[in-house]
Structures are given as structure tokens and as C-alpha cells.
Amino acid sequence: MAAQAAASTFNGNLKKALAGLRRINLDGLRWRVFDAKGQVLGRLASQISTVIQGKDKPTYAPNRDDGDMCVVINAKDVCVTGRKLTDKVYYWHTGYIGHLKERTLKDQMAKDPTEVIRKAVLRMLPRNKLRDDRDRKLRIFADSEHPFGDRPLEPYVMPPRKVREMRPRARRALIRAQKKAEEQEQGGNQRKGRREGKTEVAA
């Protein structure tokens, strides 16, 4: 009953959202929820691929599929750095001569943003027999709505971004630039004071 109630409130493609669940052994699996809003595409995909392979567990083995279920929401709000929105291009071939198709990341986000995250995650997984089973454990939704409200969901907390310390040469250059800017401001203030003094004397 709870599953039917959660599914009834979902407005998306329910058949696609629930496809392949019967082929997954859900006993003992955790349901991890990833909120893609404001997250960088590559960093999010790397965390999802780690969880979906079970690499965050001490019982990980490369020949077993011990990964958890991953539910990704707000896929349409994922971010990219640099000029990837226009420079990144997806290619595929229809099989006919000269039919090489291409689509930019911007067009793919407008067409189906869930496919962007799916491609990023699947290309981080090893190409073996476990790939299809891991793909079934990945459920991506463009908005915040999903039909798994009756499951014991656990929000995944993204690790803090590690920013590399500035190199000594760059740090010295930054300090010199700051000092130069301060000197220019002080010089400008002194010039203004001299001009005001001259005007007072002239008056």
C-alpha cells in the first residue's frame, strides 16, 4: 500500500523508473539519495560510482556486486566547470555510412538531463559482467520527485572539496599584486590631498 501511494504521487514515467527492480536482490541494500543541485558533474559521478560498486564498504570485492541503490534527484540542476556546456560533445553512430551524430552537453541537458549523469557514471565503471547489474541500481530523476518514498532513504553527504594550497611562486605573486594595489590607492589619496591643498591656497 505504501509503495502504491508513493507511486501514485509520482508524475514522471513510472514504468521507466521501476524497470528492472525485480532483477535486483534488494535484501540488505541501502537506498542512498544524491541531490545533484549545484554539484559538479564529474565529482558527483565519481561518488556515485564508488557507492554503486560498493567500494565504500569494508567487504568490497571486485568480483561481487555489493553496491547500494543510488537515487539521484534534481539532475537538471547539475553544474559543469569551464566551457564544457558548449565544448563537450557526445558522439554516436547510427550504423549507416556517414551517419555520425553529435550533440553538445547544452542540448543534451535540454533534451534529457538524466542521461548526462548516467553516461558520466557508466563510463567510470569497469567494463565487465557486473556493469548491467550496477546500471539497474542507478535511478536518476530530473526533479525532486521519485516513486521510492516508501523505502528507507539515506541522504548522501558529499565530501568537502579539497582545494590544493597555492604554490609559493603564485603566493608571492599574489602578495606583490596586493601590495602594488595598496600603494596605488595610497598614492591616489595623497594626490587628492595635494590638489585640495593647492585649491585652498589659491582661494
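- Under an unreviewed UniProt entry, the protein has the name 50S ribosomal protein L13 and belongs to Hibiscus sabdariffa.
- Its UniProt record gives the protein a comment under Sequence similarities (unreviewed entry), which states: "Belongs to the universal ribosomal protein uL13 family."

## Examining helix 3 (residues 41-53)
Here is step 1 of the chain: With 13 residues, helix 3 ought to run about 18 Å at 1.5 Å a step, and its terminal C-alpha atoms sit 18 Å apart, in line with that.
Here is step 2 of the chain: Its buried side turned inward, helix 3 meets strand 1 (31-35), strand 2 (69-73), helix 6 (113-122), helix 7 (131-136) and strand 5 (138-140).
Here is step 3 of the chain: Backbone geometry just after helix 3 places Gly54 at a positive phi near 80°.

## Examining the packing of aromatic side chains
Here is step 1 of the chain: The final tally for this structure, using the stated rule, is three aromatic pairs.
Here is step 2 of the chain: When the centroid spacing of 5.1 Å and the interplanar angle of 45° are considered together, the rings of Trp31 and Phe148 count as tilted. Of this pair, Trp31 sits in strand 1 while Phe148 is found in the loop between strand 5 and strand 6 (153-155), placing the two residues 117 residues apart along the sequence. For the pair Trp31 and Phe148, a shared accessibility class is recorded, and that class is buried.

## So, the sheet that holds strand 6
Here is step 1 of the chain: The four strands lie next to each other as 5-2-1-6, forming an open sheet whose pairing is parallel. Only two strands of the sheet have a single partner each, and these edge strands are strand 5 and strand 6. Averaged over all neighbouring strand pairs, the angle between strand axes comes to 25°, with direction disregarded.
Here is step 2 of the chain: In this sheet, strand 5 lies alongside strand 2 in parallel orientation, the contact comprising three bridges. What sits directly across from Val71, in strand 5, is Arg139.
Here is step 3 of the chain: Sheet contacts for helix 6: strand 2 and strand 5; angle to strand 5, the most-contacted strand, approximately 155°.

Cut-offs used in this document
- Residues numbered from 1 in each chain as written.
- Predicted model: local features only at pLDDT ≥ 70, side-chain atom pairs only at ≥ 80, totals over all residues.
- Heavy atoms only, no water.
- UniProt positions renumbered as here; feature names shortened; annotations may be inferred.
- Helix = DSSP H or I, 4+ residues; strand = E, 2+ residues; numbered from the N terminus.
- Expected span 1.5 Å × (residues − 1).
- Contact = heavy atoms within 4.5 Å.
- Phe/Tyr/Trp six-rings, centres within 6.5 Å; stacked < 30°, edge-to-face > 60°.
- Buried < 20%, exposed > 50% of the residue type's maximum accessible area, 1.4 Å probe, protein only.
- Pairing = 2+ DSSP bridges.
- Axes fitted to C-alpha atoms, helices over the stretch in contact; angles between N-to-C directions.

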